[in-house]
Every structure is written in C-alpha cells, then in structure tokens.
Amino acid sequence: MEGDTLNIGLLRRFYGRHDFEPVWDNHPAQVQAILKAIAHAGDQGLDPALFHADLLRDDTNLTPLERELLLSDAALSYADALAHGAVPPERRADNQVLTPAAVDVAAKVSQSLDTPDPAAMIEGLAPTTPTYHILRQALRSCRSVGPTERRKVLDCQRRIEVNLERQRWLPRVMPADRIVVNVADERLVAYRDDQPVLATRVIVGQDATRNQSPEFQAVIEASLFNPPWVVPKDIVAREMLPRISRDPTYLARNRMIMLPNGEIEQMAGPEAGLGLLMFDMPNRFDVYLHDTPDRSLFNRANRRISHGCIRVQKPRELAALLLKEPLTAINQDIATGQTTRHDLPMGVSVFVVYQTVFVDENGVLRYAPDFYNRDPALWEQLHRPLRRPHASHGASGPF
C-alpha cells in the first residue's frame with residue numbers, strides 16, 4: 001500500500017478499544033457491508049478513493065496486516081468524513097472554520113461491528129436535514145443526464161458535492177432559534193421555532209481575499225442602539241490615513257477622532273458607519289451584523305462592498321425579533337440618540353455560511369454564484385488523498 005496514508009490517531013483509538021488485536025477477520029459480513037458503502041460514497045458527494053476503495057477492491061497483493069489496517073482506516077475515515085466533513089478546519093482556508101459537534105468515530109465504528117448493518121450506523125453520522133437530503137437527490141439527478149451533456153453533468157456534480165461537504169460542517173441539529181446568513185446568496189434568514197420568520201437582503205465582503213466574509217458560527221448576545229464605529233487599525237492604515245493626508249478636515253467632517261492605539265472612532269449618529277444598530281456577536285474575525293446609513297446599497301445586484309461585516313437591510317425588524325419587543329419600542333429607543341446596549345433574553349446562534357447550492361427557507365433548491373471562487377479549491381480537496389503520516393507496522397499495535 002505504498003503511497004497510501006493512514007489516520008494514525010484514529011487507528012490508535014480504534015485498536016485501543018480492541019486490545020490492539022486484529023478485528024476484521026472475525027467480522028466478514030460487516031467487512032462486505034462497509035466495503036459496499038464505501039464503494040457508493042459518491043452518493044454522499046465523497047470520492048471512494050479517499051477511503052482506499054481501489055486497493056480494497058482488489059486486495060490480492062496486500063499482506064494480512066495491510067488489509068487489516070486499510071479496512072480499519074477506510075471505515076474510520078469514512079465515518080469521520082460523514083460526521084465532521086472530509087476536509088477538517090486545519091486543511092481549509094483561515095476564513096472557513098465551521099465545524100459540527102465532535103463525534104467519537106472510533107467508538108461508533110467499534111459499536112457497528114456488533115450490528116448486522118454497520119454501514120447504516122456509520123452513514124447515520126451524516127446530516128439528516130431536509131437540505132442534505134434534497135442535495136443528495138439533486139446529485140442523483142445530475143448524474144442521470146445523458147452522456148451528450150457530460151460537461152454540464154460534471155459542473156453540476158462538482159457544485160453539489162462541495163455544498164454537501166459544507167452541510168457536513170454544520171451542527172446535526174440546528175438551533176430552533178437561529179440566524180443564517182448565506183454570503184453567496186447575499187441574504188439573511190431568521191428562524192424561530194425552526195420556522196422562517198424574517199428574510200432580508202444583506203451586504204457582504206468584497207471579492208478581495210482579505211475583505212471576504214468568513215464562514216463561522218457565533219452567538220448574538222446584544223443589540224447596540226446608536227453605536228459608535230471603531231475603525232480597525234488595518235483599515236485606518238490602508239484607507240483612511242491616505243485620505244487624511246490629502247484632506248486635513250476629513251476627521252472633523254466625519255465626526256471622527258484618532259485613538260492612541262491607531263484606531264479611529266466615529267461618533268454615533270445616523271451617518272455613522274454602523275448605522276443606528278449593531279448586533280454584538282463576539283468572534284475571532286470581528287465580523288458583525290449591523291445597519292448602514294446608505295440604504296440605497298441594498299438595491300444593488302452586487303452587494304459585495306464591505307470589509308467582511310454583514311450590513312442588514314432590515315436591522316430594526318431583526319432587533320425586534322431578537323429582543324422580543326415590538327418594533328415601536330425599538331424605534332423609540334433609537335430615537336433618543338443615546339448609545340445603549342440591550343442584552344437578548346437568550347443568546348441566538350448565527351451561522352455565516354457560503355452555500356452556492358442550497359435549499360431556501362421555502363424548501364426550494366437554489367443556486368448562487370461562486371463569486372469568491374471557493375468551490376474549485378474545496379472540490380480539489382475532496383478529491384485529493386489526505387496528507388497524513390504513513391503508518392508503520394508498529395504504529396497501530398503489535399498484532
């Protein structure tokens with residue numbers, strides 16, 4: 001099996017549960033069930049080659065130990081891909097950090113050995129959401145197109161495969177109250193009790209890599225009314241200092257002051273960069289949902305004009321929903337002009353995703369442009385052998 005790589009960590013955990021003794025010779029029926037499932041991994045949008053499908057299909061040249069390790073690694077890696085995604089965060093771009101709850105796949109595969117259908121237990125680690133189900137159906141439909149449409153089939157297949165992977169990065173059970181921002185669709189949908197209750201346009205990050213909106217999860221803790229805008233130092237240095245050097249009145253005209261740490265603060269008001277509302281959702285990217293003073297921007301077809309933050313077309317309605325207060329109360333508090341913080345009764349999760357094929361809040365399969373050009377790189381990773389340390393015979397136990 002020269003050239004193939006094994007997941008040493010998973011193998012050690014798996015064989016640690018079996019006293020580092022061979023496993024598969026005593027489970028021939030389970031072996032066949034798992035091999036069949038891996039052969040059909042394409043139905044999940046996964047490449048069977050990632051799980052040693054070719055080597056295991058014709059294993060006559062393998063030693064008993066090699067076959068044992070490959071079978072274990074195939075089952076564990078397939079379970080891991082379904083449970084957490086085939087491309088873990090450490091192999092993605094820095095702005096792609098969504099991840100579901102951790103699952104002990106070594107334990108799951110071990111448990112599956114005692115069942116008549118281990119493949120069902122392993123495949124049960126994949127999402128069971130309507131979106132995942134509909135995307136899998138769409139993938140089957142893509143492949144049913146005639147051979148004369150091969151290029152169209154490949155394009156369709158690739159788009160759906162990468163978005164099935166993105167679904168595997170999400171929690172298996174989404175919070176009943178949540179906000180989902182699909183950057184690719186430039187829209188926000190708020191859910192209460194798992195039902196969509198607000199949909200609105202958003203403005204997202206520019207195409208330049210440093211300004212793209214990331215993919216991440218956070219919790220909205222509060223709404224800030226009439227917030228000041230603190231401009232980060234990198235934006236100050238890159239964009240504002242040149243303006244100030246050309247126009248000494250720039251700061252005063254825009255009600256801004258230079259802070260000792262190199263940031264610039266713009267005083268609150270209707271023309272402030274954050275508008276009249278900001279939603280506090282601490283995260284490593286310093287990306288927030290907020291209002292904007294320029295409402296006409298939401299009429300644009302291309303709304304990729306921010307530095308990564310998400311500007312919301314209906315921020316007052318969103319605040320009323322999150323704070324569970326009438327819209328009139330929100331308007332009255334904003335009208336005071338005072339900067340105030342309003343904590344939510346309970347934090348609400350927000351998922352900022354980038355889904356170029358998705359199911360909208362009405363259950364309709366939709367396509368969005370890949371304007372950040374993230375799909376090709378992700379597809380390549382889904383079809384590239386995992387880069388792992390090679391397993392020596394001693395690494396996985398003395399058997």
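Look up a bit, the structure's there.
A brief report on the enclosed structure follows. (Residues numbered from 1 in each chain as written. Predicted model: local features only at pLDDT ≥ 70, side-chain atom pairs only at ≥ 80, totals over all residues. Heavy atoms only, no water.)

## Overview of the overall build of the chain
The helix and strand tally for the chain stands at 13 helices and 14 strands. Once the C-alpha set of the chain is aligned to its principal axes, its extents read approximately 80 × 45 × 45 Å. In the chain, buried positions account for 51% of the 399 residues. Put simply, 68% of the contacts in the chain that link residues at least 6 apart link residues at least 24 apart. Counting every atom, the chain has about 18800 Å² of accessible surface; 52% of that belongs to carbon and sulfur. Seen as two clouds, the 46 positive and the 51 negative side-chain charges of the chain have centres 6 Å apart. (Helix = DSSP H or I, 4+ residues; strand = E, 2+ residues; numbered from the N terminus. Buried < 20%, exposed > 50% of the residue type's maximum accessible area, 1.4 Å probe, protein only. Contact = heavy atoms within 4.5 Å. Areas by Shrake-Rupley, 256 points an atom, 1.4 Å probe, with all protein chains shown as cover. Lys, Arg positive; Asp, Glu negative; His and termini not counted. Charge placed at Lys NZ, Arg CZ, Asp CG, Glu CD.)

## With respect to the packing of aromatic side chains
Enumeration over the complete set of coordinates arrives at seven aromatic pairs. Aromatic pair Y354 and Y372: ring centres 5.4 Å apart, planes at 10 degrees, arrangement stacked. Placement of the pair is Y354 in the loop between β12 (340-353) and β13 (357-359) and Y372 in the loop between β14 (365-367) and α13 (375-382), with a sequence separation of 18 residues. The same class applies to Y354 as to Y372, namely buried. (Phe/Tyr/Trp six-rings, centres within 6.5 Å; stacked < 30°, edge-to-face > 60°.)

## Remarks on the state of the cysteines
Where two cysteines share a covalent bond between their sulfur atoms, that bond is called a disulfide. Applying the stated criterion across every chain yields a total of one disulfide. The disulfide partner of C142 is C156, and the S-S distance across this bridge is 1.5 Å. One end of the pair, C142, is in helix α7 (residues 130-143); the other, C156, is in helix α8 (residues 150-168), and 14 residues separate them in sequence. Side by side, C142 and C156 carry an identical accessibility label, which is buried. (Disulfide = S-S within 2.5 Å.)

## A closer look at unusual backbone geometry
Unlike most non-glycine residues, E186 shows phi in positive territory, near 55 degrees. Within the secondary structure, E186 sits in the loop between β1 (178-182) and β2 (187-192). Among the residues examined, E186 registers a relative accessible area of 6% and is labelled buried. Of note in this structure, K324 is not a glycine but carries a positive phi near 55 degrees. Within the secondary structure, K324 is located in the loop between α11 (315-323) and α12 (327-335).

## Regarding the packing of α7 against α8
Running from N to C, α7 and α8 cross one another at 160 degrees; their axes reach a closest spacing of 9 Å. When the interaxial angle is binned, α7 and α8 end up roughly antiparallel. α7 and α8 meet at a crossing whose hand is left-handed. Contacts between α7 and α8 involve T131, Y132, L135, R136, A138, L139, C142 and R143 from the former and V153, C156, Q157, I160, E161, N163, L164, Q167 and R168 from the latter. (Axes fitted to C-alpha atoms, helices over the stretch in contact; angles between N-to-C directions. Parallel < 35°, antiparallel > 145°, perpendicular 65-115°, else oblique. Left-handed = near helix turned anticlockwise from the far one by under 90°.)

## As for the side chain of E161
Of note, E161 is situated in helix α8. Setting aside its immediate chain neighbours within four residues, E161 contacts G45, L139, R143, W379, L382 and H383.

## Remarks on the environment of R366
As for its position among the elements, R366 is in strand β14. Exposure remark for R366: the relative accessible area of 26% places this residue in the partly exposed category. Those residues in contact with R366 that lie beyond four places of it in its chain are D185, R187, T356, V357, F358 and D360. Reaching out from R366, the side chain makes a polar contact with the side chain of D185 at a distance of 3.0 Å. (Polar contact = N/O pair within 3.5 Å; in protein donor to acceptor, adjacent residues only side chain to side chain.)

## Here we look at the pairing of strand β8 (residues 277-280)
Judged by which residues are buried, β8 turns out to be covered on both faces: L277 and F279 on one side and M278 and D280 on the other are all buried. With four bridges joining them, strand β4 (residues 216-225) and β8 adopt antiparallel strand pairing. Among the inter-strand pairings, F225 is bridged to a residue of β8, identified as L277. The pairing of β8 with strand β9 (residues 289-290) spans two bridges and is antiparallel. In the sheet register, M278 faces β9, and the bridge partner there is H290. (Pairing = 2+ DSSP bridges.)

## As for the pairing of β2
Within β2, five of the six residues are buried, which leaves it mostly tucked inside the rest of the structure. Pairing of β1 with β2 involves five bridges; the strand directions are antiparallel. Note that in β2 the partner of V181 across the bridge is L188. The hairpin formed by β1 and β2 contains four residues between the paired strands, and E186 there has a positive phi angle of roughly 55 degrees. As judged from the six bridges shared by β2 and strand β3 (residues 195-205), these two strands associate in the antiparallel manner. Looking at β3, one finds that Y191 is bridged to P196. Between β2 and the antiparallel strand that follows it, β3, lie two residues; D193 among them carries a positive phi value of about 55 degrees.

## Some points on helix α5 (residues 105-112)
With six of eight residues buried, α5 lies mostly within the body of the structure. Those residues of α5 that fall on the buried side of the exposure criterion are V105, A106, A107, V109, S110 and S112. At its buried positions, α5 is contacted by α1 (8-16), α2 (28-39), α4 (64-84) and α6 (118-123). Where α5 begins, one side-chain oxygen reaches toward the backbone nitrogen of A106, 3.3 Å away; that side chain belongs to D104.

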